[in-house]
Amino acid sequence: MAAGAWGRYLCSTHFWGPVANWGLPLAAFADMKKDPGMISGKMTTALCIYSALFMRFAWVVKPRNLLLLACHGANETAQLGQMTRLVSYRSTGKDWMGIYKGP
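Residues numbered from 1 in each chain as written. Predicted model: local features only at pLDDT ≥ 70, side-chain atom pairs only at ≥ 80, totals over all residues. Heavy atoms only, no water.

Participant: Go over the side chain of Glu76, please, and point to the residues and values.
Facilitator: Turning to its location among the elements, Glu76 is positioned in helix 5 (residues 66-92). Although Glu76 is buried, it forms no salt bridge, and the closest oppositely charged side chain is Arg56 at an N-O distance of 13 Å. Among the polar contacts made by the side chain of Glu76, one reaches the main-chain amide nitrogen of Ala52 at a distance of 3.3 Å. If sequence neighbours within four positions are ignored, Glu76 has contacts with Leu47, Cys48, Ser51, Ala52 and Met55. (Helix = DSSP H or I, 4+ residues; strand = E, 2+ residues; numbered from the N terminus. Buried < 20%, exposed > 50% of the residue type's maximum accessible area, 1.4 Å probe, protein only. Lys, Arg positive; Asp, Glu negative; His and termini not counted. Salt bridge = Lys/Arg side-chain N within 4 Å of Asp/Glu carboxyl O. Polar contact = N/O pair within 3.5 Å; in protein donor to acceptor, adjacent residues only side chain to side chain. Contact = heavy atoms within 4.5 Å.)

This is the structure we're talking about:
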């Protein structure tokens, strides 16, 4: 890719959109250490659906936006991890690592 092409890419929404979206998976991975009782099942489900749809969009759009695909793949992984923690916590009273949280 020529220097001019990189400049156009770095000034495009094809680059900055995914960069801005990286806040979602980073926040979800940071929340893995927090109390699972604080997880919203509805919001986690919505974010799973959102990321699945945008992963498909990133793959189908021409040219493919692999940065967006990676971002939403990471978010999908993080949200599914949060959902696993929530289901485990609600069914057993323990986090998925077996840590007891609260009465």
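Following the structure, the description resumes.
Participant: I'd love a proper account of helix 5, names of residues and values included.
Facilitator: In this model, helix 5 (27 residues) spans 38 Å end to end at C-alpha, consistent with the 39 Å of a helix rising 1.5 Å per residue. Once helix 5 finishes, Gly93 follows within two positions and takes phi at roughly 80°, a positive value. (Expected span 1.5 Å × (residues − 1).)

Participant: Report on a nonpolar patch on the surface, specifying residues and quantitative values.
Facilitator: The grouping of Ile49, Leu53, Phe54 and Phe57 at the surface amounts to a nonpolar patch, some 400 Å² of accessible area in total. With a relative accessible area of 33%, Phe54 lands in the partly exposed category. (Patch = residues over 30% accessible without salt bridge, like charges linked within 9 Å, V, L, I, M, F, W, Y side chains within 5 Å. Areas by Shrake-Rupley, 256 points an atom, 1.4 Å probe, with all protein chains shown as cover.)

Participant: Talk me through the packing of helix 3 (residues 23-30) against helix 5; I want residue IDs and the actual numbers.
Facilitator: Helix 5 packs onto helix 3 with a crossing angle of 30° between their chain directions and a minimal axis gap of 8 Å. Put simply, helix 3 runs roughly parallel to helix 5. Taken as a pair, helix 3 and helix 5 cross one another with a handedness that is left-handed. In contact with Leu24, Pro25, Ala28 and Phe29 of helix 3, helix 5 contributes Cys71, Ala74, Asn75, Ala78, Gln79 and Gln82. Its residues placed into classes, the contact of helix 3 with helix 5 shows seven nonpolar, three polar and no charged. (Axes fitted to C-alpha atoms, helices over the stretch in contact; angles between N-to-C directions. Parallel < 35°, antiparallel > 145°, perpendicular 65-115°, else oblique. Left-handed = near helix turned anticlockwise from the far one by under 90°. Nonpolar A, V, L, I, M, F, W, Y, C, P; charged D, E, K, R; others polar.)

Participant: Please set out the layout of surface pockets residue by residue, giving values where relevant.
Facilitator: The probe, sized like a water molecule, is rolled over the atoms to show the empty space still left. One number sums up the size of the largest pocket: a volume of about 260 Å³. Around the largest pocket, the lining is made up of 15 residues, and of these Asp31, Ile39, Ser40, Thr44 and Gln82 lie nearest the centre. When contributions to the lining of the largest pocket are tallied by element, the ones reaching two or more residues are helix 3, helix 4 (41-60) and helix 5. For the lining of the largest pocket, the residue count by class is seven nonpolar, four polar and four charged. (1 Å grid on protein atoms, 1.4 Å probe; cavity = no way out; pocket = protein on both sides within 12 Å on 5 of 7 lines; lining within 4 Å. Points joined across faces, edges and corners; volume = space filled by probe spheres on them.)

Participant: I'd love a proper account of the packing of aromatic side chains, names of residues and values included.
Facilitator: Taken as a whole, this structure holds two aromatic pairs when the rule is applied. Measuring from ring centre to ring centre gives 5.0 Å for Tyr50 and Phe54, while their planes differ by 50°; the resulting arrangement is tilted. Taken as a pair, Tyr50 and Phe54 lie in helix 4 at a separation of four residues, close to a single helical turn. Accessibility expressed as a relative area gives 28% for Tyr50, which makes it partly exposed. Taken together, a centroid distance of 5.9 Å and an interplanar angle of 70° make the contact between Phe54 and Phe57 edge-to-face. Pair noted here: Phe54 and Phe57 are both in helix 4, with a separation of three residues, about one helical turn. Residue Phe57 is classed as partly exposed on the basis of its relative accessible area, which comes to 44%. Through a chain of ring-to-ring contacts, three or more aromatic side chains come together here, namely Tyr50, Phe54 and Phe57. For Arg64, the ring lying beneath its charged end belongs to Trp59, and the centroid distance is 3.7 Å. (Phe/Tyr/Trp six-rings, centres within 6.5 Å; stacked < 30°, edge-to-face > 60°. Lys NZ or Arg CZ within 6 Å of the ring centre and 35° of its normal.)

Just distances and angles here, no functional claims.
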